[in-house]
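Here is what each chain is made of, one letter per residue.
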Amino acid sequence: MTGAVLTTLPVDAPRSAPLGRLLGAELRWVLRRPRTLVMLAIFALVPVLIAIGVTVADRNTGGDDGLISAVAGNGLVLPVVAMTLTLALLLPLAVAMAAADAIAGEAAQGTLRGLLIAPVGRLRLVTMKAFGVLVVATLATLALAVVGVVAGLVVVGGADGQLVTLSGTTVGIGEALARVALVVVWTVVQLAAVGAIALAISSYTEHPLVVMASVLGGLIVFGVLSAIPALDWLQPYLLTSGWRAGADALRDPLPFGDLVRSSLRALCYIAIGAGLTVHRMLRRDA
């Protein structure tokens, strides 16, 4: 009787943890890293430094039509300027650092093997790591935007609570904040493309510095290629060629052409990076 009961009992098999629990664990791991907190503090400091610099300069660049000079007396421009300037190097480097830690860092510390043999599933593992990189990109961009709005209104001052566009028109604070939110979403999409490529590189190496050097080198190469007139035909294929489109949010009427084209280009890079990462992780030895 006992033997019959024992033979009918199901044998315990390893079960995968719920995806929500995995994402929560990755989120806690990302936010507990000191380098992440230091990085977010630095990004929060960037708009403050720009605001102080513009105020102390006392509009000495008033004759210039550059983005920095547009901040003077027009504080709601500050978050867009901060995101546009840092997108050239600092934001991609931060995302590359997160991607380097996500896979290559785990491999260097010897913890990736445990994740690969655990009953998690490799696709879930890739999703979990991509989520962590996206969180870093989003938090860094939000730090620039939120602190930029506050510093712009408090330190620089607004034009009667309105935004004076580069076209010379004014929009209310509601529409101004909507434009800032649009730039935030657009910036996160661009950073997601950088993160996808960096994560793919991270899956092929065990050295985090290789990932950051590759991303930095790629940005430099793309910048050089985009500056050569004879290579204009390459512009539609270079991720960085549309990174000045965020400033279009400061024009009236708002031109969506470059924003849409750069977003579609970023989605292509995301697809390529995600495909390479999944291909590598499914075949990587534990």
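In what follows, the accompanying structure is described. (Residues numbered from 1 in each chain as written. Predicted model: local features only at pLDDT ≥ 70, side-chain atom pairs only at ≥ 80, totals over all residues. Heavy atoms only, no water.)

### Brief notes about the overall build of the protein chain
The test is simple: A run of H or I in DSSP becomes a helix once it reaches four residues, and a run of E becomes a strand once it reaches two; helices and strands are each numbered from the N terminus. The buried label goes to any residue with under 20% of its type's maximum accessible area, the exposed label to any with over 50%, and the partly exposed label to all in between, with areas taken from a 1.4 Å probe on protein chains only. Any two residues whose heavy atoms approach within 4.5 Å at even a single point are treated as in contact. For accessible areas, the Shrake-Rupley method is used with a probe of radius 1.4 Å. Any residue's cover is judged against the shown protein chains and nothing else.
Assigned secondary structure in the protein chain consists of eleven helices and two strands. Seen in sequence order, the protein chain has helices and strands lined up from the N terminus as α-α-α-α-α-α-α-α-β-β-α-α-α. A total of 286 residues make up the protein chain; the buried ones form 42% of that total. The long-range fraction of contacts in the protein chain, counting pairs at least 24 apart against all pairs at least 6 apart in sequence, stands at 81%. Of the accessible surface of the protein chain, which amounts to about 14,200 Å², a share of 68% is contributed by carbon and sulfur atoms.

### Thoughts on unusual backbone geometry
In this structure, P253 follows D252 across a cis peptide bond, with omega equal to 0 degrees. Along the chain, the position of P253 falls in the loop between α10 (208-226) and α11 (257-283).

### Quick word on helix α8 (residues 122-156)
Just so we agree on the cut-off: Given the number of residues in a helix, its expected span is that number minus one, multiplied by 1.5 Å.
Spanning 35 residues, α8 covers 49 Å between terminal C-alpha atoms, matching the ideal 51 Å at 1.5 Å per step. Two residues or fewer past α8, G157 is found with a positive phi of approximately 95 degrees.

### Details of the packing of helix α6 (residues 90-109) against α8
Note the cut-off: Under this scheme, a helix contributes an axis fitted over its contacting stretch, all axes are lines through C-alpha atoms, and angles between N-to-C directions fall in the 0 to 180 degree range. In this scheme, roughly parallel covers angles under 35 degrees and roughly antiparallel covers those over 145, while 65 to 115 is roughly perpendicular and the rest are oblique. By the definition used in this description, the sense in which the near helix is turned from the far one sets the handedness, with an anticlockwise turn below a right angle giving left-handed and a clockwise turn giving right-handed. Put simply, Ala, Val, Leu, Ile, Met, Phe, Trp, Tyr, Cys and Pro go in the nonpolar bin, Asp, Glu, Lys and Arg in the charged bin, and everything else, Gly too, in the polar bin.
One way to put it is that α6 packs onto α8 with a least axis distance of 9 Å and a crossing angle of 155 degrees. By the criterion of interaxial angle, the relationship of α6 to α8 is roughly antiparallel. In this structure, α6 crosses over α8, and the sense of that crossing is right-handed. Between α6 and α8, the residues in contact are L91, A94, V95, A98, A99, A102, I103 and E106 and K129, V133, V136, A137, A140, T141 and L144, respectively. For the contact of α6 with α8, the class distribution of residues is twelve nonpolar, one polar and two charged.

### Some remarks on α10
Note the following rule: Working definition: the arc comes from the directions between the helix axis and the C-beta atoms, pointing outward to the latter.
In a regular helix each residue adds 1.5 Å, so 19 residues correspond to 27 Å; α10 covers 27 Å between its end C-alpha atoms and thus fits that length. Among the residues making up α10, those that are buried are V211, M212, V215 and L219. End-on view of α10: buried residues confined to an arc of 100 degrees, all on one side of the axis. Opposite the packed face of α10, turned more than 90 degrees from it, sit the exposed residues L209 and I220.

### Thoughts on the pattern of salt bridges
Between side chains of opposite charge, a pair can form when the charged atoms approach closely. Put simply, the rule is: Here, a salt bridge means any Lys or Arg side-chain nitrogen found within 4 Å of an Asp or Glu carboxyl oxygen.
Per the stated rule, a full pass over the model turns up eight salt bridges. Here D101 and R35 are joined by a salt bridge, their closest N and O atoms 2.9 Å apart. Residue D101 is located in helix α6, and its partner R35 is located in helix α3 (residues 34-57); the two are separated by 66 residues in the primary sequence. The class of D101 is buried, set by a relative accessible area of 11%.

### Some thoughts on the packing of aromatic side chains
Let me state the cut-off plainly: Aromatic pairs are defined between Phe, Tyr and Trp rings, using the six-membered ring for Trp, whenever the two ring centres lie within 6.5 Å; interplanar angles under 30 degrees are classed as stacked, those over 60 as edge-to-face, and all others as tilted. A ring has a charge above it when a Lys NZ or an Arg CZ is no more than 6 Å from the ring centre and no more than 35 degrees off the ring normal.
Throughout the structure, instances matching the rule amount to zero aromatic pairs. When the ring centre of W29 is taken as origin, the NZ or CZ atom of R33, which lies over that ring, is 4.5 Å away. Positioned above the aromatic ring of W29, the side-chain terminus of K129 is 4.7 Å from the ring centre.

### Quick look at a nonpolar patch on the surface
For the record, the criterion: Like-charged residues are merged into a patch within 9 Å and nonpolar side chains (Val, Leu, Ile, Met, Phe, Trp, Tyr) within 5 Å, provided each residue has over 30% relative accessible area and no salt bridge.
A contiguous nonpolar surface patch, about 840 Å² in accessible area, is contributed by I52, V56, L142, V146, V150, L153, V154, V155, I173 and L177. Elements supplying a minimum of two residues to the nonpolar patch: α3, α8 and α9 (173-203). Looking at the element boundaries, V150 is found in helix α8.

### Re the packing of α3 against helix α5 (residues 78-86)
Running from amino to carboxyl end, α3 crosses α5 at an angle of 120 degrees, the nearest separation of the two axes being 10 Å. Judged by the angle between their axes, α3 and α5 are oblique. Remark: the crossing between α3 and α5 carries right-handed chirality. Across from F43, V46, P47, I50 and A51 in α3, the residues of α5 making contact are L78, A82, L85 and T86. For the contact of α3 with α5, a count of residues per class yields eight nonpolar, one polar and no charged.

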